[in-house]
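# Summary of the model geometry
Each chain, written out:
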Amino acid sequence: MSVTSTTPGTARAAAATRSGPTFVRLLAAEWTKLTSLRSPWWVAGVTVAVAAAITYLSAQASSGDPGFQPFDSLSSGLVLAQVGPLVLGVLAGAGEYRTGAFRTTFTLVPRRWPVLAAQTLVVAAFALGLGVLATVACVLGVLPAAASRDIPLDLTAGETPAVLLAMTLFVVGLALLGFALGVILRRTVPAMVTALVVVLLLPVMLTLAGEMASEPADPASFSSTGEGPGPITVPGMLLTFSPGGAAQEMTVPASYQPVAGSPDMSPLGGGLVLGGWVLVLLAATGVRLRTRDVR
Amino acid sequence: MIEVEALTKRYGSTTAVDGLTFTARPGTVTGFLGPNGAGKSTTMRVVVGLERPTSGSTKVAGQRYADLPAPLHAVGVMLDARSVHPGRTAYKHLLAMAQTHGIGKARVREVIAQTGLESVATRRAGTFSLGMGQRLGIAGALLGDPATLILDEPVNGLDPDGVLWIRRLVRDLAAEGRTVLLSSHLMHELALCADRVVIIGRGRLLADATVHEIVARSERAGAVRVRTTDPEPLARELIATGAQVAPQEGGVLQVRGASVDDVGTVARRCGVTVLELSAESGTLEEAYLQLTGDAVEYRAAGTQGGAR
């Protein structure tokens, strides 16, 4: 291998700009770090493909129903494809710690928390691109079924634009939730398991518990509420304010009835709850980075 | 310039570094030596701000590391090879490092060339051999053209070619007036390139001196070795002149308190045939082993019972 020693000339060239980290520089560095790995691209590709495939199959399956509405099938692909942004976030968040790369990162930026902020924005930006592509994939997945029934899919009508926007932000929100779990747990597998339990398992369990709790045990109360939403139950509250339940709330059109026992929450409200969870986890991580050793 | 002052670092009840004080000065290569687990890496991690001291302080270029406005330009750091994401190529790893300080791609290519990584720059770091990983770590340390370099076990895993390269590199860096602190658990590595050696064991300072001074502390240093057909009369005669004699195997005597000339004269006087006569010089390795003998944290199973 060729061996050369430092030349004073180049040393001086580098010395010309001897300024330290700025937030814009950290954004550039973190973008390079995220996009120079293979996993984000793989996850993004698979997510878009799964979103398109599931939406297509779901729309095809229900296109035979008399009351088929392509619009209803729009977000069906995200039920499974939501794992994608979670994995993306967990890998981005825990990756640094799992591999030891954080030592390099934090020796370059001893204040540490600007790195966390830059990583959060970079993951959000990447996930925003992924969210747009996944939403487009879902629309494309619905088209064949809509065409087979001659039902035009008007993306600008009614609640459709809001749902499309919500689907995109849903992907961003889940990626950030995965990222926040990744940076706080620092290991890929525990963070992944936690993310899947919180986002996939917990809402199902709470929904079932909510339905059981809101069953009309007392006929009098049932008749008094009539057709309106039932009384709000503890599992229903937990569902609404859990990160997974809040995320699901985002893609449900505002006009739909809430899950039994849950308070009625708009997609915006769901997004805010999810955003709150992400902020709390990131704030805890930031405090820990400031006050504790990184080893 | 690196100043470590009364540094103590505890993890729970374990004391990793215990009241350590030393200074690494510009223009010199300071070797940082100690057995595995002696606290070298802990000290280095505290110096670069990854960990906080339990008490005491460390400064680089007169400032706390965390207060440096541009750390990459002030201090080049190479900690263990596991400081790189294995899924990232060498070029992208260095580029991301450079971007944090607004350093351009041209400088990234320069350090890649300087460390001989051109042919593997687009390979993922996870596929690197230990030696290539070390070169990548050094490339990262050189990136900001810093006045101070902190290299943790840079020679580890390098082929002979690479070892020579590192020695020359650190000598050149020091000759340019930079401060170089490099750790090793192998004395002879440092003997060949360090001006000064700081030796620690179990977190405590054992020696802080030039290589020459440390060699002189070796038990063997200043002794005379003589091999003869008839050691006993010679030993008696030497003791009579006031020397200390330690008989060894094969008719060898180790003599202290007498010069080579003295021993030769005495041998002639008592009529023994001298087969070999030489002044012994200690090696850095021996001095090091004697210093750290009590401070070795982990011993091979065979010698465990006989720990001194």
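In this convention, every chain numbers its residues from 1, walking through the sequence in written order. Chains and ligands are labelled by the order in which they are written, letters from A for the one and numbers from 1 for the other. With pLDDT at 70 or above as the cut-off, local features in this predicted model cover only qualifying residues; side-chain atom pairs require 80 or more to be listed or tallied, and sums for whole chains, interfaces and linings still use all residues. The side-chain numbers reported here are obtained from all heavy atoms of the structure, hydrogens and water having been left aside.

## Looking at the overall build of chain B
Here a helix means four or more residues in a row that DSSP labels H or I, a strand means two or more in a row labelled E, and each is numbered from the N terminus. In terms of helices and strands, chain B carries 11 helices and 13 strands. Overall, chain B is about 80 × 45 × 40 Å in size when its C-alpha atoms are taken along their principal axes. Three labels apply to residues, based on accessible area from a 1.4 Å probe with only protein chains included: buried if under 20% of the type maximum, exposed if over 50%, partly exposed otherwise in between. Considering chain B as a whole, with its 308 residues, one finds that 52% of them fall into the buried category. Two residues form a contact once any of their heavy atoms are found within 4.5 Å. Expressed as a percentage of contacts within chain B between residues at least 6 apart in sequence, the contacts between residues at least 24 apart total 68%. Here chain B has roughly 13100 Å² of accessible surface; of this, 51% comes from carbon and sulfur atoms. Counted as positive: Lys and Arg. Counted as negative: Asp and Glu. His and the chain ends are not counted at all. All charge positions are set by atom: Lys at NZ, Arg at CZ, Asp at CG, Glu at CD. When the 34 positive and 32 negative side-chain charges of chain B are each reduced to one mean point, those points stand 7 Å apart. Each accessible area is a Shrake-Rupley estimate made with a 1.4 Å probe; only the visible protein chains count as cover when residues are assessed.

## Points about the sheet that holds strand E6 (residues 148-152) of chain B
All names here are of chain B. The pairing criterion for strands is at least two bridges between them, as found by DSSP. Read from one edge of the open sheet, 6 strands run E5-E6-E7-E3-E8-E9, paired in mixed fashion. Both edges of this open sheet fall to strand E5 (75-78) and strand E9 (204-210), since each of them pairs with a single strand only. Pairwise comparison of adjacent strand axes, ignoring direction, gives a mean angle of 15° for this sheet. Note on method: axes are straight lines fitted to C-alpha atoms, helices fitted across the in-contact stretch only, with angles between N-to-C directions ranging 0 to 180 degrees. Its contacts with the sheet put helix H11 (residues 284-292) on strand E3 (29-33), strand E8 (196-201) and E9, and the angle it makes with E8 is roughly 30°.

## Some details on the interface of chain A and chain B
Every contact between the two is made by 42 residues of chain A and, on the other side, 51 residues of chain B. Once two parts are joined, some of their accessible surface, as seen by a 1.4 Å probe, is lost; buried area is that loss totalled over both. Between chain A and chain B, the buried area comes to about 4200 Å², and carbon and sulfur atoms account for 52% of it. The rule for a salt bridge is simple: a side-chain nitrogen of Lys or Arg has to be within 4 Å of a carboxyl oxygen of Asp or Glu. Counting across the chain A and chain B interface gives 2 salt bridges. Note that A:Arg18 is salt-bridged to B:Asp145, the shortest N-O span being 3.4 Å. Counting residues per element, the ones that place at least two in the side of chain A that touches chain B are helix H1 (8-15), helix H2 (23-35), helix H6 (83-99), helix H7 (101-108) and helix H14 (267-291) of chain A. Under the convention adopted here, Pro, Cys and the residues Ala, Val, Leu, Ile, Met, Phe, Trp and Tyr are nonpolar, Asp, Glu, Lys and Arg are charged, and Gly plus all remaining residues are polar. When grouped by side-chain class, the residues that make up the side of chain A that touches chain B number 14 nonpolar, 17 polar and 11 charged.

## Focus on the pattern of salt bridges
All names here are of chain B. Summed over the entire model, instances satisfying the criterion amount to 15 salt bridges over all chains. Here Glu276 makes a salt bridge to Arg227, at a shortest N to O gap of 2.9 Å. Of this pair, Glu276 sits in strand E13 (residues 274-279) while Arg227 sits in strand E10 (residues 224-228), placing them 49 residues apart in sequence. Accessibility expressed as a relative area gives 28% for Glu276, which makes it partly exposed.

## What about the environment of A:Trp42?
Residues and elements named next belong to chain A. Here Trp42 shows up in helix H3 (residues 39-62). The class for Trp42 is exposed, based on a relative accessible area of 62%. For the pair Trp42 and Gly93, spaced 51 residues apart in the sequence, the C-alpha separation amounts to 16 Å.

## Describing the UniProt feature "transmembrane region" (unreviewed entry) in chain A
UniProt positions are given in the numbering used here, feature names are shortened, and annotations may be inferred rather than shown by experiment. When the UniProt feature table is mapped onto this chain numbering, "transmembrane region" (unreviewed entry) sits at residues 41-59, 74-94, 115-143, 163-184, 191-209 and 268-289 of chain A. Strand forms 0% of residues 268-289 of chain A and helix 100%; the C-alpha atoms that close the span are 31 Å apart.

## Some points on the packing of helix H8 (residues 113-148) of chain A against helix H9 (residues 160-185) of chain A
As a packed pair, H8(A) and H9(A) sit with axes 7 Å apart at the nearest point and diverge in direction by 140°. Here H8(A) and H9(A) pass one another in a crossing that is right-handed. By convention the crossing between two helices is left-handed if the near helix lies anticlockwise of the far one by an angle smaller than a right angle, and right-handed if it lies clockwise.

## A closer look at helix H9 (residues 231-240) of chain B
Residues and elements named next belong to chain B. Burial in H9 covers these residues: Leu234, Ala235 and Leu238. Relative to the axis of H9, the buried residues are bounded by an arc of 100° and lie together on one face. Across from the buried face of H9, at angles greater than 90 degrees, the exposed residues are Glu232, Arg236 and Ala240. At its buried positions, H9 is contacted by E10, strand E11 (244-248), strand E12 (252-256) and helix H10 (260-269). Once H9 ends, the next one or two residues include Gly242, with phi positive near 100°. The arc refers to the directions leading from the helix axis to the C-beta atoms.

## Topic: the layout of surface pockets
Residues and elements named next belong to chain A. One number sums up the size of the largest pocket: a volume of about 450 Å³. Only protein atoms enter the calculation, which uses a 1 Å grid: trapped sets of points that fit a 1.4 Å probe without letting it out are cavities, open sets showing protein on both sides within 12 Å along at least five of seven lines are pockets, and any residue with an atom within 4 Å of a point is a lining residue. Around the largest pocket sit 22 residues that line it, and Leu169, Met250, Leu268, Gly271 and Leu272 are the ones nearest its centre. Going through the elements one at a time, H9 and H14 are the ones with two or more residues in the lining of the largest pocket. Among the elements that make up the lining of the largest pocket, the one with the highest residue count is H14 (9 residues). Split into classes, the residues belonging to the lining of the largest pocket amount to 17 nonpolar, 4 polar and 1 charged. Grid points are joined across faces, edges and corners, and a volume is the space filled by probe spheres set on the points.

## Describing unusual backbone geometry
Residue and element names in this part refer to chain A. One non-glycine residue with positive phi stands out, namely Asp150, at about 60°. Here Asp150 shows up in the loop between H8 and H9. Residue Asp150 is classed as exposed on the basis of its relative accessible area of 69%. Unusually for a residue other than glycine, Arg186 sits at a positive phi of about 65°. Relative to the helices and strands, Arg186 is located in the loop between H9 and helix H10 (188-213).

## Regarding empty space enclosed by the protein
Gaps left between atoms show up when a probe the size of a water molecule is rolled over them. Per the stated rule, a full pass over the model turns up 3 cavities of 30 Å³ or more. As a volume, the largest cavity reaches approximately 220 Å³. What lines the largest cavity is a set of 24 residues, among which A:Thr104, B:Val77, B:Met78, B:Leu79 and B:Ser83 lie closest to the centre. At the level of elements, H7 of chain A together with helix H2 (71-74), E5, helix H3 (90-100) and helix H5 (130-142) of chain B are the ones that each hand at least two residues to the lining of the largest cavity. For the lining of the largest cavity, the element with the highest residue contribution is H5(B), accounting for 6 residues. Across the lining of the largest cavity, the residue classes tally to 13 nonpolar, 9 polar and 2 charged. By volume, the second largest cavity is sized at about 130 Å³. Every element with two or more residues in the lining of the second largest cavity is listed here: H2 and H7 of chain A together with H3 of chain B. In the lining of the second largest cavity, the residues fall into 8 nonpolar, 6 polar and 4 charged.

## Focus on the confidence of the model for chain B
All names here are of chain B. A score between 0 and 100, pLDDT records how confident the predictor is in each residue. For chain B, per-residue confidence averages 88 on the pLDDT scale, and residues scoring 70 or more make up 94% of the total. Within chain B, the lowest mean pLDDT, 77, falls on H11, and the highest, 97, falls on H3. In the predicted structure, residues 300-308 sits below a pLDDT of 50 and forms 3 contacts with residues beyond four places in sequence or in another chain.

## Points about the packing of aromatic side chains
Note on aromatic pairs: the rings of Phe, Tyr and Trp (six-membered ring only in Trp) are paired at centre separations within 6.5 Å, and the planes decide the class, stacked below 30 degrees, edge-to-face beyond 60, tilted for the rest. A complete count under the given rule lists 6 aromatic pairs over all chains for this structure. Plain terms: the ring middles of A:Tyr97 and A:Phe106 are 6.5 Å apart, the flat faces sit at 45° to each other, and that makes the pair tilted. The exposure class of A:Tyr97 is buried, given its relative accessible area of 11%. By relative accessible area, which is 3% here, A:Phe106 ends up buried. Centroid distance A:Phe102 to A:Phe106: 6.5 Å. Interplanar angle 50°. Geometry classified as tilted. In this pair, A:Phe102 and A:Phe106 are both assigned in helix H7, 4 residues apart and thus about one turn of the helix distant. A:Phe106 carries the same exposure label as A:Phe102, and that label is buried. An aromatic cluster of three or more residues is present, and its members are A:Trp31, A:Trp41 and A:Phe126. Ring-over charges, as used throughout, are those where CZ of Arg or NZ of Lys falls within 6 Å of the ring centre and within 35 degrees of the ring normal. Over the aromatic face of A:Phe106 sits the side chain of A:Arg112, whose NZ or CZ is 6.0 Å from the ring centroid. Directly above the ring of B:Trp165 sits B:Arg135, whose terminal nitrogen or CZ lies 4.7 Å from the centroid.

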